[in-house]
Amino acid sequence: MDVPSKGTAGGAQRTAARPPARTDVTVSVNGAVERIKVDNRASLLDVLRERLGLTGAKKGCDHGQCGACTVLLDGRRVNACLILAVTVDQAEVVTVEGLTDGTRLHPLQAAFIERDAFQCGYCTPGQLCSAVGMLAEAAKGRASAVTADLADDAPVLDEAEIRERMSGNLCRCGAYPNIVAAIGEVAG
Amino acid sequence: MRPFTFVRAIDADQAVAGYAREPEWAMYLGGGTNLVDLMRLGVAEPGLLIDVTRLPYDRVEEAPGGGLRIGAAVRNSDLAADPAVRRDYPVLAAALLAGASGQLRNQATVGGNLLQRTRCGYFQDVTKPCNKRRSGSGCPAVEGDHRNLAILGHSEHCVATHPSDMAVALTALGATVHVRGRAGERIVPMPGLHRLPGDEPDRDTVLDPGDLITAVELPPLELAARSRYRKVRERASFAFALVSVAAALDAEDGAVRDCRIALGGVAHVPWRAEAAEEELRGGPATDDAFRAAADAELAAARPLRDNGYKVPLARELIVRTLAELRDGTGADASGGTP
């Protein structure tokens, strides 16, 4: 007996071959409205990088484990590698390229430079977008796994809180101490 | 990734009808944090993907009979932040916050979290046999790498564990899952949604093809206000549980009036520790009694060659979690760094 399970590998091999399908998507990226036809299989990350030329968000693991692809989707930090571009119709995306105000750096970008919060820089765009989203979450009073009192709606972002809340962003150079310091400076 | 047709459903009827038209190849898409990855790995190969994230199930509200009704499309981070959850069901907020990363919690839905697949390495590797992925092909984990796999309720066909933290809390709380299928609506209790592998490890749950989870309901449960989630993992954050415990305790004058306990990381299902609960109710709220209750539960454990460590780990985690609930100590949500 060797029966493929429904919806899993082997199962679909019995299906009639489907041609790659494409879908029209309208999405705001860093404030500019883009109307594009995307392959249903394309991730938001691949569309940002390869169709729209926004190479700030990085492909590290492509499995949602490293955080290098982090962008803001409708103001919330997400892993762009795990989001199908076809699902973001009518949404607003902000990438690291959209964090600056004209030529003025975002305070987190300035703090990362000031505190030397990177070495090779590959994870930095994801760290920055994640930190922007994380600070917005904390400002809304959201707790983390290390928040002493879950009912506390004004958690203080000390080092332990920042480390826990940023655990979805890996830095293989190990710049963590300076990343935490830079974020802590902006968090006040 | 194989090509697929994409449909965005706007209501449950449309989603269920869409599935029924191509039941062999259809799959529902929630946040996609697990499914998109499985599609990229070639483990899941749907020909029709039905996006159910825009269905009107994105609210947390008071249930008609008290308790809380949670829409299936509510994002994990929003559920963890809900004031009623933080106040009345802290074990659920803590379990959610102990899972995944901030980015993943923002994307993952409640329904999708319940239906996520095991992270057993053989299941995720299409070059290896796996009874869950391909029924009858064998289970290399029984003799292979099973350090993180099941100690309770497994079979010779599958030793995988269910990866969800949230589901462990819901199992302890006795949540009910509201399901829309072709035959209408029905309610599935937890425990009871997930099933042990037996000789059909490809079936994770009791749901039928095309069934759509629309909501999860928490019963009114006074002792849940005194509840917590502890999780032991290989690093301090962003890792799956080796063992986790969700517990609620109502103890007064040194005696246990009532309790709820569930274990994660130990079985194919979020494991409700009914034997331990039974042992505890009406007895003394002492560390010795907690240990005896844990032993009563773990008497059924059948550890594999390399995961025997989970038995004492689960026992001590149960004891410490109950002791902290009794003493009102160790108040941080996750139980801190293990």
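For clarity, every value in this text was computed on a predicted model and none was experimentally measured.

Residues and elements named next belong to chain B. Read from one edge of the open sheet, five strands run S4-S5-S9-S7-S8, paired in antiparallel fashion. Lying at the two open borders of the sheet, with one neighbouring strand each, are strand S4 (60-62) and strand S8 (184-189). Adjacent strand axes in the sheet meet at a mean angle of 25 degrees, parallel and antiparallel pairs treated alike. Sheet topology places S4 next to strand S5 (residues 68-71); three bridges connect them, and they run antiparallel. Bridge pairing in S5 links Glu61 to Arg69. Helix H1 (residues 12-21) contacts strand S7 (176-181) and strand S9 (212-218) of the sheet and is inclined by roughly 60 degrees relative to S7.

Before going further, it helps to spend a moment on the domain arrangement of chain A. All names here are of chain A. As assigned here, chain A comprises domain 1 (22-97) and domain 2 (107-187). One C-alpha centre belongs to domain 1, the other to domain 2; they are set 22 Å apart. The partner domain 2 presents 16 residues to the 15 residues of domain 1 that form the contact. The interface formed by domain 1 and domain 2 includes one salt bridge. We note a salt bridge from Glu137 to Arg77, for which the minimum N-O separation is 2.9 Å. In this structure, the connection of domain 1 to domain 2 is made through seven residue pairs in polar contact (both at pLDDT 80 or more).

Another point: empty space enclosed by the protein. Residue and element names in this part refer to chain B. A complete count under the given rule lists six cavities of 30 Å³ or more for this structure. Size it by volume and the largest cavity reaches roughly 150 Å³. Residue assignment for the lining of the largest cavity shows that the elements contributing at least two residues are helix H3 (76-81) and helix H6 (102-107). Of the residues that constitute the lining of the largest cavity, the class distribution is four nonpolar, four polar and five charged. There is about 90 Å³ of room inside the second largest cavity. Along the wall of the second largest cavity there are 17 residues; nearest its centre are Cys120, Cys130, Cys139, Cys158 and Val159. Counted by class, the lining of the second largest cavity contains 12 nonpolar, four polar and one charged residues.

With that settled, the discussion passes to the interface of chain A and chain B. The interface is formed by 59 residues belonging to chain A together with 62 residues belonging to chain B. For the pair chain A and chain B, the summed buried area comes to about 4,900 Å², and 49% of that belongs to carbon and sulfur atoms. Contact with chain B buries area across many residues of chain A, yet Arg18, Leu82 and Leu150 of chain A alone supply 15% of it, more than any other trio. Between chain A and chain B we count five salt bridges in total. Between Asp78 of chain B and Arg76 of chain A there is a salt bridge, with the nearest N and O atoms lying 3.1 Å from each other. Between chain A and chain B we count 25 residue pairs in polar contact (both at pLDDT 80 or more) in total. For the side of chain A that touches chain B, the secondary structure elements donating two or more residues are strand S1 (3-4), strand S4 (70-73), strand S5 (76-79) and helix H3 (124-139) of chain A. It is S5 of chain A that provides the largest number of residues to the side of chain A that touches chain B, a total of four residues. Of the residues assigned to the side of chain A that touches chain B, the class counts are 22 nonpolar, 23 polar and 14 charged.

So, about unusual backbone geometry. With an omega of 0 degrees, the peptide bond between Met190 of chain B and Pro191 of chain B qualifies as cis. Locating Pro191 of chain B in the fold gives a position in the loop between S8 and S9. Even without being glycine, Gln90 of chain A reaches a positive phi, approximately 75 degrees. Judged by relative accessible area, Gln90 of chain A falls into the exposed class, the value being 58%. We note that Phe238 of chain B has phi near 55 degrees; this positive angle belongs to a residue other than glycine. Topologically, Phe238 of chain B is positioned in the loop between strand S10 (227-232) and strand S11 (243-252). Among the residues examined, Phe238 of chain B registers a relative accessible area of 9% and is labelled buried.

A few words now on the pattern of salt bridges. Residue and element names in this part refer to chain B. As enumerated under the stated definition, the model contains 41 salt bridges over all chains in all. Measuring nitrogen to oxygen at the nearest pair gives 3.0 Å for the salt bridge that ties Asp125 to Lys128. The exposure class of Asp125 is partly exposed, given its relative accessible area of 24%. For Asp287, the salt bridge goes to Arg326, with nearest N and O atoms at 3.0 Å. Taken together, the residues Asp287 in helix H10 (residues 287-298) and Arg326 in helix H11 (residues 310-327) connect sequence positions 39 residues apart. On the basis of relative accessibility, which here comes to 26%, the residue Arg326 falls in the partly exposed class. Three or more residues are tied together by salt bridges with common partners; here these are Asp258, Arg260, Arg272, Glu277 and Arg281.

Calculation criteria
- Residues numbered from 1 in each chain as written.
- Chains lettered and ligands numbered in written order.
- Predicted model: local features only at pLDDT ≥ 70, side-chain atom pairs only at ≥ 80, totals over all residues.
- Heavy atoms only, no water.
- Pairing = 2+ DSSP bridges.
- Helix = DSSP H or I, 4+ residues; strand = E, 2+ residues; numbered from the N terminus.
- Axes fitted to C-alpha atoms, helices over the stretch in contact; angles between N-to-C directions.
- Contact = heavy atoms within 4.5 Å.
- Domains from an automatic or database assignment.
- Salt bridge = Lys/Arg side-chain N within 4 Å of Asp/Glu carboxyl O.
- Polar contact = N/O pair within 3.5 Å; in protein donor to acceptor, adjacent residues only side chain to side chain.
- 1 Å grid on protein atoms, 1.4 Å probe; cavity = no way out; pocket = protein on both sides within 12 Å on 5 of 7 lines; lining within 4 Å.
- Points joined across faces, edges and corners; volume = space filled by probe spheres on them.
- Nonpolar A, V, L, I, M, F, W, Y, C, P; charged D, E, K, R; others polar.
- Buried area = accessible area lost by both parts, 1.4 Å probe.
- Buried < 20%, exposed > 50% of the residue type's maximum accessible area, 1.4 Å probe, protein only.

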